[in-house]
Amino acid sequence: MATQTIHDNLYKDILFKGEQPGLQVGAVWRGKGLKDALVDEVSVYDKELSPIEVLQIAKPAEFKATLAKSKDQLSVQEKTILQETLPE
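All values reported here derive from a predicted model rather than from experimental measurement.

**Section: the pattern of salt bridges**
Phase 1 of the analysis: Per the stated rule, a full pass over the model turns up 3 salt bridges.
Phase 2 of the analysis: One salt bridge connects Glu53 with Lys47, and the closest N-O pair in it is separated by 2.8 Å.
Phase 3 of the analysis: Given a relative accessible area of 23%, Glu53 falls into the partly exposed group.
Phase 4 of the analysis: Residue class for Lys47 comes out partly exposed when judged on its relative accessible area of 46%.
Phase 5 of the analysis: Between Glu78 and Lys69 there is a salt bridge; the shortest N-O distance is 2.9 Å.
Phase 6 of the analysis: According to the relative accessible area criterion, Lys69 is partly exposed, its value standing at 32%.

**Quick word on the side chain of Thr66**
Phase 1 of the analysis: Positionally, Thr66 belongs in helix α2 (residues 60–68).
Phase 2 of the analysis: Excluding its chain neighbours within four sequence positions, the residues that come into contact with Thr66 are Leu55, Leu74, Glu78 and Leu82.

**Quick word on the packing of helix α1 (residues 51–58) against α2**
Phase 1 of the analysis: One way to put it is that α1 packs onto α2 with a least axis distance of 5 Å and a crossing angle of 125 degrees. Viewed along their axes, α1 and α2 adopt a mutual orientation that is oblique. Contact with α1, carried on its side by Ile52, Leu55, Gln56, Ile57 and Ala58, involves Pro60, Glu62, Phe63 and Thr66 of α2 and no other residues of that element.
Phase 2 of the analysis: Residue composition of the contact of α1 with α2, grouped by class: 6 nonpolar, 2 polar and 1 charged.

Rules used throughout
- Residues numbered from 1 in each chain as written.
- Predicted model: local features only at pLDDT ≥ 70, side-chain atom pairs only at ≥ 80, totals over all residues.
- Heavy atoms only, no water.
- Salt bridge = Lys/Arg side-chain N within 4 Å of Asp/Glu carboxyl O.
- Buried < 20%, exposed > 50% of the residue type's maximum accessible area, 1.4 Å probe, protein only.
- Helix = DSSP H or I, 4+ residues; strand = E, 2+ residues; numbered from the N terminus.
- Contact = heavy atoms within 4.5 Å.
- Axes fitted to C-alpha atoms, helices over the stretch in contact; angles between N-to-C directions.
- Parallel < 35°, antiparallel > 145°, perpendicular 65-115°, else oblique.
- Nonpolar A, V, L, I, M, F, W, Y, C, P; charged D, E, K, R; others polar.

As structure tokens, this is what we get:
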């Protein structure tokens, strides 16, 4: 599962002090953010997730189906994702 980071300049704490919100998602500093948008769920991790971890979180049924396949049934992409995850 490919991901693309559009804007990543994460170097400060996500918690603000004073009258500002506790966490801003989808907005550049002091920007208006996503007009009329709602955020349903947010997860924060202290590391970069591997492709297999992203698949497990975003598409749990597809993740379970991938793990249930025999080696011969795996697609090239599935093999690549699994090989990137395995320790050397």
